[in-house]
Structures are given as structure tokens and as C-alpha cells.
Amino acid sequence: MTNQEKIAMLEEMMELASGTLREETNLADVEEWNSLAKLSFIALMDETFGKKVSAEEMKEFKIVKDIVDFMK
Amino acid sequence: MLILYLLKMQNAKEISDKFARYALGKFLNINGNELVITKNQYGKPYLVNYPNVYFNISHTKGAIACTVSDNPVGVDIERIRKMDLRVASYFFSQQEKDYIFASSEKANQRFTEVWTKKEAYLKFLGCGIKIPVEKFNVFEILDNELIRIHTEYNHDYIISFCNISNEAPDKIVMLDSNSII
């Protein structure tokens with residue numbers, strides 16, 4: 001899966017228009033990266049990547065690329 | 001007394017601080033810009049010079065809510081939208097899931113309602129999401145006579161707030177963005 005495909009998954013998860021997110025986008029500026037999105041991300045990681053993600057790990061996500069790098 | 005201030009505008013997150021100060025100023029009948037706001041160790045904001053006045057803020061796409069009360073309070077606002085309902089199986093108790101999936105109709109709305117109740121409770125406690133959200137059941141909290149979780153529906157939005165007060169009246173104040181910016 002390419003980084004662009006991962007970003008597309010995140011956009012779909014957060015109901016964002018395609019092309020809204022870039023790797024360098026600051027998550028603090030993304031209103032849709034809220035608690036519900038984080039829950040959805042935990043479920044997405046488990047179902048798609050078979051990987052657990054903790055609240056502490058998500059706190060370390062500063063930009064979109066941090067999330068993308070985790071999605072493997 | 002608890003007052004819920006509500007503002008609908010795009011990019012509401014950007015004016016979060018201004019909005020809180022405006023709401024607090026109205027509640028206290030002072031200039032909110034003079035208030036000293038800081039955060040506890042878990043990130044919950046509080047007023048330094050008004051230890052008996054509590055507030056909490058929540059924002060979502062297109063709206064922001066602020067509760068102000070003379071008792072500790074937590075608030076959460078979410079826009080009702082299509083949810084990945086599989087998330088419920090990870091984070092919701094059996095009783096919560098039974099409520100959400102009672103019928104397919106309005107399941108997204110009930111999911112959002114339960115989530116805002118959970119979030120409002122956690123924000124009321126003021127300790128961040130230290131308690132795993134799947135470890136408690138909002139319906140058990142609703143049975144607790146000392147804690148109240150109230151939910152308001154406002155068009156596409158659901159707002160829940162949690163506090164210990166049963167003092168009436170609660171009041172909802174719709175604010176105009178022009179008066180804040």
C-alpha cells in the first residue's frame with residue numbers, strides 16, 4: 001500500500017475531501033482528527049493491519065506522515 | 001447553575017480560546033479577556049482566579065460548545081454522521097451496543113449519543129482518557145444519583161454534558177460569531 005493510499009484511507013475515515021491531507025499536514029490543524037477519529041483509527045489498524053495502537057502512541061502523532069509511517 | 005453556550009461556524013476550533021473567554025465573560029458578567037486560564041496536569045482548562053467556576057469546551061466540524069457551571073463539568077459535541085459502527089465492538093459495553101444496534105434506523109445517531117456521553121463523563125473526571133472507554137458503561141453512570149449526564153440534540157449535532165449538579169435551570173445560549181470575532 002502506498003503512502004497516498006494510506007492517506008486516502010485516513011481521508012475517508014475522517015470524511016475529508018480527497019486531497020485535503022498531505023504528509024506534512026499538521027494534525028493540530030485538522031479539526032476532524034478528534035476523539036472519534038482516533039477510535040476509528042484504532043479499529044482500522046486492528047482490522048486492516050492487525051496492529052494495536054495505544055493512546056500514548058497516538059499522542060506522538062504530530063503530522064500525517066507520523067500516522068502513515070505507523071500504518072504497516 | 002449550568003449554562004451551555006453553543007456557536008455554529010466553520011473552523012470553530014480556531015476561535016476556541018476567544019469563544020471560551022466570551023462565554024465565561026457572559027457567565028461572570030466581566031470582560032472574559034482578563035481571565036487567567038490554565039490547564040491541569042491532564043490538560044483540562046480551569047480559571048485561576050475563580051476556583052468555584054468550572055468550564056469545559058468541545059468542538060467538532062462546524063460547531064463549538066462551552067459549558068460553564070458552579071460545579072465540575074465535562075462536555076462533548078459531535079456532528080451526527082455516518083459512522084463505522086464496527087468501532088462500537090471495540091469500545092462499547094454490551095448494554096451500550098444493545099442500545100446502538102436496537103434497530104438499523106438511527107444507529108449512527110445512537111452511536112454518537114453514547115460516545116458523547118462517554119466523552120463528557122471522561123472530561124467531567126478531568127483526567128483525560130486514562131480510563132479505557134470500553135471499561136465503563138454510560139447506562140450504569142446514568143443510574144448513579146450523584147452524577148448526571150444530559151444530552152441535547154441540536155439539528156445535526158449532539159451535545160452531552162456531565163456534572164454533579166441537579167440545580168435547575170440549565171440554559172442553552174446560542175452565540176453569534178459576529179459578537180465573538
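## So, the overall build of chain B
Of regular secondary structure, chain B possesses six helices and nine strands. In terms of overall size, chain B behaves like a compact globule, its C-alpha atoms giving a radius of gyration of 16 Å where 181 residues would be expected to give roughly 16 Å. Viewed in the frame of its principal axes, chain B has a C-alpha envelope of about 50 × 35 × 30 Å. Across the 181 residues of chain B, 34% fall into the buried class. Restricting the contact set of chain B to residue pairs at least 6 apart, pairs at least 24 apart contribute 63%.

## Here's the deal with unusual backbone geometry
Residues and elements named next belong to chain B. Although it is not a glycine, Lys 106 adopts a positive phi angle of roughly 60°. Following the sequence through the fold, Lys 106 ends up in the loop between α3 (94-100) and α4 (107-125). You can call Lys 106 partly exposed: it has 13 C-beta atoms within 10 Å. Even without a glycine there, the phi angle at His 155 is positive, about 55°. Secondary-structure assignment places His 155 in the loop between β7 (148-154) and β8 (157-163). Look at His 155 and you get exposed, because 9 C-beta atoms sit within 10 Å.

## Re α4 of chain B
The end-to-end C-alpha distance of α4 of chain B is 27 Å, a good match for the 27 Å that 19 residues give at a rise of 1.5 Å each. Backbone geometry just after α4 of chain B places Gly 126 of chain B at a positive phi near 75°.

## Focus on the nonpolar core
In summary, soluble globular proteins display a tendency toward joint burial of nonpolar side chains. Ala 23, Ala 63, Ile 64, Ala 65, Cys 66, Ile 159 and Phe 161 of chain B are the most contacted members of the largest nonpolar core, which totals 46 residues. Looking at this core, the elements that each hand over two or more residues are α2 (35-49) of chain A together with β1 (2-8), α1 (16-28), β4 (54-60), β5 (63-69), β6 (73-79), α4 and β8 of chain B. The element best represented in this core is α4 of chain B, accounting for seven residues. Aside from chain neighbours lying at most four places away, what touches Ile 159 of chain B is Leu 4, Ala 65, Val 75, Ile 77, Thr 116, Glu 152 and Asn 154 of chain B. Leu 21, Val 64, Ile 67 and Val 68 of chain A belong to the second-largest nonpolar core, a separate cluster that totals six residues.

## Focus: helix α1 (residues 3-13) of chain A
All names here are of chain A. Within the span of α1, buried status applies to Lys 6, Ile 7 and Leu 10. One side of α1 holds all its buried residues, which, seen down the axis, span an arc of 100°. In α1, those exposed residues whose orientation departs by more than 90 degrees from the buried face are Gln 4 and Glu 5. The secondary structure elements touched by the buried residues of α1 are α4 (64-70). Downstream of α1 by one or two residues, Glu 15 has phi in the positive range, about 60°.

## Observations regarding the confidence of the model for chain B
Taken over all residues, the pLDDT of chain B has a mean of 87, while the share at 70 or more is 94%. When mean pLDDT is taken per element in chain B, α3 of chain B scores highest with 94 and helix α6 (residues 177-180) of chain B scores lowest with 75.

## Here we look at the sheet that holds β8 of chain B
Hydrogen bonds along the backbone pair up the strands of a sheet, which may run parallel or antiparallel. All names here are of chain B. What the three strands build is an open sheet, ordered β6-β8-β7; its pairing is antiparallel. The sheet terminates laterally at β6 and β7, the two strands that pair on one side only. Going across the sheet, the axis of each strand differs from the next one's by a mean of 15°, ignoring polarity. With seven bridges connecting them, β6 and β8 associate as antiparallel partners. Bridge pairing in β8 places Glu 78 opposite Ile 158. α4 rests against β6, β7 and β8 of the sheet, and its axis sits at about 150° to β6.

## Here's the deal with the confidence of the model for chain A
Across chain A, the average pLDDT comes to 91, with 100% of residues at or above 70. Across chain A, the secondary-structure element scoring lowest on mean pLDDT is helix α3 (residues 55-59) of chain A, at 85, and the one scoring highest is α4 of chain A, at 96.

## Comments concerning the sheet that holds β1 of chain B
Residue and element names in this part refer to chain B. One open sheet holds the four strands; their spatial order is β4-β5-β1-β9, and the pairing between them is mixed. Each of the sheet's edge strands pairs with one partner strand only, and the pair in question is β4 and β9 (170-174). In this sheet, neighbouring strand axes are inclined to one another by 15° on average, regardless of whether the strands run parallel or antiparallel. In terms of strand pairing, β1 meets β5 through seven bridges, oriented antiparallel. Residue Lys 8 lies in a different strand from β5, and its bridge partner there is Ala 63. Packed onto the sheet, α1 meets β1, β4 and β5 and runs at close to 35° relative to β5.

Conventions and cut-offs
- Residues numbered from 1 in each chain as written.
- Chains lettered and ligands numbered in written order.
- Predicted model: local features only at pLDDT ≥ 70, side-chain atom pairs only at ≥ 80, totals over all residues.
- Helix = DSSP H or I, 4+ residues; strand = E, 2+ residues; numbered from the N terminus.
- Rg over C-alpha atoms; globule rule 2.2 N^0.38 Å.
- Buried ≥ 20, exposed ≤ 12 C-beta atoms within 10 Å, placed from the backbone.
- Contact = placed C-beta atoms within 7 Å.
- Expected span 1.5 Å × (residues − 1).
- Core = buried A, V, L, I, M, F, W, Y, C linked by C-beta atoms within 7 Å.
- Arc of directions from axis to C-beta.
- pLDDT = per-residue confidence, 0-100.
- Pairing = 2+ DSSP bridges.
- Axes fitted to C-alpha atoms, helices over the stretch in contact; angles between N-to-C directions.

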